[in-house]
Amino acid sequence: MVNNCNKRKDLEAKLENLLLSKLGTFFKERSCFRMKEDLLNNSKQLEFPREILTTISLGLSSVNFLCGNTKGAIRILKQALKINPNNPKINWKLGSLYLKNLELTEAINYLQEAAKLGNRDPEYVLGLSIAYDYAGQKNIAYDLAEEVLERRPESPEAWCIKGKIQAENQQLAKALQYYNIALEIDDRNLYALNEKGCLLLKMNRILDGIETFNTALEIQPKDTNLLLNIGLAYIKLENYESALNFLSKAKKYKLDTSMLYNALGICYFHLDEMELAKENYLRAMELEPNNSEILCNLAAINAQLGKYNLSLDSYKKAIQLDPYNGTVLNNAAWCLEKIGNQEEAIKYYYRALAVDAQNGAYRINLAECLYQAGYIQEAIDQLEFLVEKEDSNRKAWGILGSIYDSLRQYSKAIDCHNKALGLE
């Protein structure tokens with residue numbers, strides 16, 4: 001941070017020296033900050049050329065943005081826009097800054113103005129396309145990308161926008177075609193490589209995806225998004241040690257997202273490092289407390305550690321976020337069984353079955369819980385319903401045989417056990 005501030009001061013000093021060379025000694029007695037304010041607010045009286053003002057304002061804005069002062073960058077540009085309202089580049093820069101802040105209404109407004117004032121310059125139209133894509137207005141974004149390509153067919157960014165939207169529309173082959181065109185234009189385009197890699201994972205071409213990410217990492221080995229994505233790819237392959245290697249690098253290079261910590265937690269869980277897994281899931285929860293997947297992963301850790309009440313708390317929060325997730329309902333029921341609350345567990349198992357009536361595992365869990373709670377005939381009914389649908393379900397036959405054994409209905413028990421063994 002200190003280095004950034006020094007860099008900012010050096011750059012601003014150079015820009016201010018340029019101003020002084022243009023204005024003579026009038027501002028020399030004023031502070032640098034006052035000088036910039038006077039310049040922006042009194043340029044008409046000073047008859048300062050608007051073109052130079054625009055250049056300086058854009059420069060000062062860029063310095064502020066690079067040093068993390070986005071609000072200061074926007075303030076400078078807005079002051080410049082009061083003096084030069086019809087300058088498309090200032091409007092485009094403002095729109096771009098608002099887009100980086102995800103203030104999409106403001107971004108679209110300024111980018112639309114830039115495109116209008118700039119005779120539909122492809123650079124301005126491209127920014128507008130990106131803004132509409134972020135805003136979820138995919139059809140408009142797609143049409144604008146095509147407009148860019150009509151005048152600038154060599155724009156890899158526009159091809160990537162088309163690819164991204166086609167991928168979201170499940171037109172995966174078409175999306176891949178567009179990413180490949182972008183990479184034919186610029187084979188070192190990191191965005192295109194990253195998006196292509198993600199698409200290949202979506203197409204279950206995991207090894208091809210890893211190869212694409214590795215190509216990008218050769219260009220930029222410290223890119224945290226690439227490191228995260230290749231780590232996620234290795235998780236899909238269940239190669240948790242390789243995944244952990246890439247994810248740890250992403251963390252080392254200052255990536256700090258819930259997705260990263262959740263992925264780290266998954267790796268540590270499968271590598272039997274439960275405390276480290278829990279630590280990462282908790283960090284993920286701090287960053288994104290309403291993510292049901294993270295809640296469930298944290299619940300699984302606590303269940304593994306025998307902390308069933310804590311696990312249940314997480315599952316219940318996940319159910320509030322996603323009340324029709326059968327797996328979460330089933331797992332909550334399992335935790336309730338572990339703490340001896342069969343009656344409540346039965347309700348959750350029924351809720352899980354209401355979501356997915358064809359799920360045999362839910363029905364078996366319900367039947368076992370019913371049996372333990374003393375609802376023997378109801379348990380038998382559930383199992384017989386299941387084996388009627390799935391005659392080859394050996395687990396269901398085995399449990400049914402054990403229940404008949406306990407009831408001393410030995411003929412039925414033997415028949416069920418034989419079917420469980422595949423003898424009939």
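In this text, all values refer to a predicted model and were calculated from it rather than measured experimentally.

1. Some details on the overall build of the protein chain
The number of helices and strands found in the protein chain is 25 helices and zero strands. A total of 424 residues make up the protein chain; the buried ones form 46% of that total. Taking the contacts inside the protein chain whose residues are at least 6 apart along the sequence as the reference set, 44% of them involve residues at least 24 apart. Surface exposure of the protein chain reaches about 22300 Å², of which carbon and sulfur atoms provide 47%.

2. Focus: helix α14 (residues 224–236)
Between the first and last C-alpha of α14 there are 19 Å, a value that for 13 residues agrees with the 18 Å anticipated at 1.5 Å per step. Of all 13 residues that make up α14, ten are buried, and the element is covered over most of its length. Along α14, the positions that sit buried rather than exposed are Thr224, Leu226, Leu227, Leu228, Asn229, Ile230, Gly231, Ala233, Tyr234 and Ile235. Backbone nitrogen of Asn225 and a side-chain oxygen of the N-cap are separated by 3.1 Å at the start of α14; the cap is Asp223. Note on α14: the residue one or two positions beyond its end, Glu238, has a positive phi of about 60°.

3. A word on unusual backbone geometry
For Asn119, which is not glycine, the phi torsion reads 60° and is therefore positive. Assignment of secondary structure puts Asn119 in the loop between α7 (104–117) and α8 (122–134). Positive phi is not limited to glycine here, since Asn204 has a value of about 65°. Within the secondary structure, Asn204 is located in the loop between α12 (190–202) and α13 (206–219).

4. What about the packing of helix α5 (residues 70–83) against helix α6 (residues 88–100)?
Contact geometry for α5 and α6: axes closest at 10 Å, N-to-C directions at 155°. Relative to α6, α5 is oriented roughly antiparallel. In this structure, α5 crosses over α6, and the sense of that crossing is left-handed. Residues Ala73, Ile74, Leu77, Lys78, Ala80 and Leu81 of α5 lie in contact with α6, whose contacting residues are Ile90, Asn91, Lys93, Leu94, Leu97 and Tyr98. Along the lines of polarity and charge, the residues of the contact of α5 with α6 split into nine nonpolar, one polar and two charged.

5. A word on α5
Taking 1.5 Å of rise per residue, 14 residues should cover 20 Å, and α5 covers 21 Å from first to last C-alpha, within 8% of that figure. Within α5, ten of the 14 residues are buried, which leaves it mostly tucked inside the rest of the structure. Along α5, the residues that are buried comprise Thr70, Gly72, Ala73, Ile74, Ile76, Leu77, Gln79, Ala80, Leu81 and Ile83.

6. Comments concerning the pattern of salt bridges
On inspection of all chains with the given rule, the structure shows twelve salt bridges. A salt bridge links Glu168 to Lys138; the shortest N-O distance between them is 3.1 Å. Taken as a pair, Glu168 in helix α10 (residues 156–168) and Lys138 in helix α9 (residues 138–151) lie far apart in primary sequence, 30 residues in all. According to the relative accessible area criterion, Glu168 is partly exposed, its value standing at 37%. A network of salt bridges, in which partner residues are shared, links Asp133, Lys138, Lys164 and Glu168.

Rules behind the numbers
- Residues numbered from 1 in each chain as written.
- Predicted model: local features only at pLDDT ≥ 70, side-chain atom pairs only at ≥ 80, totals over all residues.
- Heavy atoms only, no water.
- Helix = DSSP H or I, 4+ residues; strand = E, 2+ residues; numbered from the N terminus.
- Buried < 20%, exposed > 50% of the residue type's maximum accessible area, 1.4 Å probe, protein only.
- Contact = heavy atoms within 4.5 Å.
- Areas by Shrake-Rupley, 256 points an atom, 1.4 Å probe, with all protein chains shown as cover.
- Expected span 1.5 Å × (residues − 1).
- Polar contact = N/O pair within 3.5 Å; in protein donor to acceptor, adjacent residues only side chain to side chain.
- Axes fitted to C-alpha atoms, helices over the stretch in contact; angles between N-to-C directions.
- Parallel < 35°, antiparallel > 145°, perpendicular 65-115°, else oblique.
- Left-handed = near helix turned anticlockwise from the far one by under 90°.
- Nonpolar A, V, L, I, M, F, W, Y, C, P; charged D, E, K, R; others polar.
- Salt bridge = Lys/Arg side-chain N within 4 Å of Asp/Glu carboxyl O.

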